[in-house]
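# A structural walkthrough
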Amino acid sequence: MTSIGWNKLCACLLRPPPRAGHAPPVRSHGGGVVEIRYRPAPQEEEWFAQTLRALPLESWWEDWMRHADRLLADPELVNTVHQVLLKRWPQSATRGRLSTPAEVVLRLLVLKHVRNWSYGVLAREVRANLVYRQFTRMGLRRMPHPKTLGKLGLLLGPTVVQQLHQRVVAQAQAEKVIRGHKLRVDTTVTETNIHYPTDSVLLGDSVRVLTRFMRQITEVVGEMGEKMRNRQRSVGRRLIEIGRASRGRGPQMQKKLEQGYRKLLGSTGQVVAQAKRFSQEIGQGVKRSSDVWQQAALEDLKKEIDRMLPGVQQVVRQTRARIFQGITNSAGKIVSLFEHTTEIIRKGKPGKPTEFGKMIKVQEAENQIIVAYEVYDQRPADSKLLLPAIEQHQQRLGVVPRVAAGDAGFFSAAHETAAQKLGVAQVAVPFLGTQSAQRRKRQKERWFRQAQKWRIGCEGRISVLKRRHGLRRCLYKGDAGMHRWVGLGVIADNLINIGRVLTARLTAKKSASDAP
C-alpha cells in the first residue's frame, strides 16, 4: 500500500483541485433542486478515491458502521427522507439552491444520535474526519452549517421517524437478526430540558420573559403609548429572600416565606397587567411602526405575549393555592412555561423519586432489537400495556411471540388470559400480591424464572439508551421534538445492535472455515 505523509495529506485536503462547472440538476422524482444523493464530479471523486486508497481507511471503520452503511443505503429509507425534503416548501422541488441530499441528511442524523452529539459537534467532527465523511457520503463537499442541520432535522417529524424505525426493524427481520419468538417490555421516563420547577423560579421566569418582550417592543416604538417599567431587580431580591426563608424551619421562617411570596406575586401581577396593556396597544395601533418589517416584528411580539400570558396566570394561580391554601395538586398545574405538556411522574426510584418529562415504552425482541417504542402524551398504567405490546409485536413482525415478559407492574389477569388466547405460550409477568398455590407454583417453574432473567436485560437496554444515546433528557423542543429524540435514539441503537450481531455471525463463519 502506498504511504503518504500526514502533512502532505493535510495540505492536499486544504487545497482540493478546482471543480469543473456545476452540472445542471438531474430532475428525478419530480424535482431537481432536492437531490437524493450527491452527483459525482469526476475530478473530485477521483482525487478523493486516490486519497482513500493511500490510507488504511477500511480498518478505521467500526464494525457496526460497515453493516449500518449497507442498511442505510436501502432505497426505501432514503426515499422516505427525500419525499419529506420535497415538501419542505411549496416549490422546493424546482426552485432555490441545491439542498443537502436526502441520503446525507439521513446518515448525518443517525450519526448524531449514535454519538449523542449536538449539531455543532456533529458538523465539527464530520468536517475533520475522513471516516465520517465517507460514512455520511459527504466526500469533499462543504459541511452544512449546524443551524442548517437543525432545520433539516426538524423536517423529520414523529411520523417519518416511526416509518424509518419500522423499516430498520423490517431489515433486521430480513437479515434474520430477529425472528419474533420473544418479547420483553418496560417503561421509563425521558425528561424534558427544564430546570427543577419551584413556584418562585417559575414566577421569576414569567417576569423575565414578559419584560424581555416589552423591552423589545419599546426598542421598536420608542415612547409611544405606555412606558415600560422594569421590575426585574425587585423580583430578583424577592427570589433571594424566598430562597433564604425556604431553608429555615419554624413558624417565623414560614411567615417570612409567605411574606416573600406575597410581594413576589404582587410584582408578577403588575408585570402581567403591563404586558396585557402592551398587547392591547399594539392591537389598537397605539404602538406601531411605519417600517413594514418592524411592524411585522411588533405583531410577532404581540403573539408571543398572548401565548405566554395564560401560562403565567396559571403559575400565579397554582402558587397562591399552594402557599396560602396548602393545595399542592391544583387543576391544570404546569412545571414549565416553555414545555407546557411536561408531566410530573413518580416511579418510586430512591435516587430520583420525582421526574419531569414523558413516559416512554420500549419493547424488544431477540438480540436486543427494539421492535416498537411509544411516547405517551399522558402516562398510562403499566398494567394496561402488555396486550397492546403483544398486538404491536404481531403487527410489526407477523408472528405471535412464544414468550412475553414484563415486570410486576405489567401484571393484569385479564391481559394475561387475552395474551394466552392470542397464542402466547409463556406469559412471564409476576404477581406480587396475595398468591394462590397455583400462582406460586407457576412463578417457580423453570421457564418462568428463565423468562424473568431474560426480561432483566430490558433494564440494561434502557440504561444504554439513556447513557449512549441521550434518552435521559430530551434536548429537542415540544412534544414533536420528544418523539423525534426518542425515535432517532432507538434507530441508532438498533443499527449498532444489528451490526454487532451480523459481525459476530461473520466472525463465527470465518473461524469455522479457517478451522482444520
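This is a predicted model, so every value here is computed, not measured.

### Let's talk about the packing of helix α11 (residues 232-246) against helix α12 (residues 251-284)
- Here α11 crosses α12 at 160°, and the two axes come no closer than 9 Å. Classified by the angle between their axes, α11 and α12 sit roughly antiparallel to one another. With respect to the hand of their crossing, α11 and α12 are arranged in left-handed fashion. Here S234, V235, R238, L239, I242, R244, A245 and S246 of α11 come into contact with α12, specifically with M253, K256, L257, G260, Y261, K263, L264 and S267.
- Across the contact of α11 with α12, the residue classes tally to eight nonpolar, four polar and four charged.

### A look at helix α9 (residues 158-174)
- Over its 17 residues, α9 runs 24 Å from end to end, which matches the ideal 24 Å to within 8%, given 1.5 Å per residue.
- Those residues of α9 that fall on the buried side of the exposure criterion are V160, V161, L164, H165, V168, V169, Q171 and A172.
- In this fold, the buried residues of α9 make contact with α3 (63-72), α4 (75-86), α5 (102-115), β4 (370-375), α14 (386-397) and α19 (478-514).
- Once α9 finishes, K176 follows within two positions and takes phi at roughly 60°, a positive value.

### Considerations on the packing of α4 against α9
- Two elements in contact, α4 and α9, have axes whose closest approach is 10 Å; the angle formed by their N-to-C orientations is 170°. Considering the angle they form, α4 stands roughly antiparallel to α9. Each of E76, L77, T80, V81 and V84 in α4 lies in contact with α9, whose residues at this interface are V160, Q163, L164, R167, V168 and Q171.

### What to know about the side chain of D199
- By secondary structure assignment, the location of D199 is in helix α10 (residues 199-221).
- In contact with D199, other than residues within four places in its own chain, are Y261, Q318, T319 and R322.

### What to know about the pattern of salt bridges
- Going through the model one piece at a time under the given rule, you end up with 28 salt bridges.
- A salt bridge links R115 to E62, with the nearest nitrogen and oxygen atoms 2.2 Å apart. Here the residue R115 occupies a position in helix α5, and E62 occupies one in the loop between α2 (42-53) and α3, the gap between them amounting to 53 residues.
- A residue is classified by how much of its surface remains accessible, and E62, at 31% relative accessible area, is partly exposed.
- Taking the shortest distance from any N to any O, the salt bridge between D199 and R322 comes out at 2.3 Å. Note that D199 is positioned in helix α10 and R322 in helix α13 (residues 292-325), a separation of 123 residues in sequence.
- With relative accessibility at 9%, the residue D199 sits in the buried group.
- Residue class for R322 comes out partly exposed when judged on its relative accessible area of 34%.
- Salt bridges sharing common partners tie together R37, D69, E103, R107 and R137.

### Concerning the packing of aromatic side chains
- In the structure shown here, the tally under the stated rule is eight aromatic pairs.
- Relative to Y132, the ring of W117 has its centre 5.6 Å away and its plane inclined at 75°; by these criteria the two rings are edge-to-face. Taken together, the positions of W117 in the loop between α5 and α6 (119-127) and Y132 in helix α7 (residues 130-135) put the pair 15 residues apart, joining distant regions of the chain.
- On the basis of relative accessibility, which here comes to 16%, the residue W117 falls in the buried class.
- Since its relative accessible area comes to 10%, Y132 is described here as buried.
- With a centroid separation of 5.3 Å and an interplanar angle of 90°, the aromatic rings of Y196 and F356 are classed as edge-to-face.

### A short note on the environment of L108
- Considering the arrangement of structural elements, one finds L108 in helix α5.
- Separated by 21 residues in sequence, L108 and K87 place their C-alpha atoms 20 Å apart.
- Here L108 is in contact with L122, V126, T136, M143 and L149, once residues within four sequence places are set aside.

Conventions and cut-offs
- Along each chain, residues carry numbers from 1 onward, in the same order as the chain's sequence is written.
- It should be noted that, the model being predicted, local features are given only for residues of pLDDT at least 70 and side-chain atom pairs only at 80 or more, the latter also being counted only at that level, while totals for whole chains, interfaces and linings use all residues.
- Heavy atoms from the whole structure form the basis of all side-chain values; hydrogens and water molecules are not counted.
- As a rule, the C-alpha atoms of each element are fitted with a line to give its axis, helices using only the stretch in contact, and angles between N-to-C directions run from 0 to 180 degrees.
- Helix numbers and strand numbers start at the N terminus; a helix is a DSSP run of H or I with at least 4 residues, a strand a run of E with at least 2.
- Angular relationships are summarised with four words: roughly parallel below 35 degrees, roughly antiparallel beyond 145, roughly perpendicular across 65 to 115, and oblique for the angles in between.
- The handedness criterion is simple: a crossing whose near helix is rotated anticlockwise from the far helix by less than a right angle is left-handed, and one whose near helix is rotated clockwise is right-handed.
- In this description, contact between two residues means that some pair of their heavy atoms is separated by no more than 4.5 Å.
- Think of it as three bins: nonpolar holds Ala, Val, Leu, Ile, Met, Phe, Trp, Tyr, Cys and Pro, charged holds Asp, Glu, Lys and Arg, and polar takes everything else, Gly as well.
- Multiplying 1.5 Å by the residue count of a helix minus one yields the expected span of that helix.
- Each residue gets one of three labels from its accessible area relative to the maximum for its type: buried under 20%, exposed over 50%, partly exposed in between, using a 1.4 Å probe on protein chains only.
- Salt bridge criterion: a side-chain nitrogen from Lys or Arg within 4 Å of a carboxyl oxygen from Asp or Glu.
- Here a Phe, Tyr or Trp ring, Trp counted by its six-membered ring, pairs with any other such ring whose centre lies within 6.5 Å, and the pair is stacked when the planes are under 30 degrees apart, edge-to-face when over 60, and tilted otherwise.

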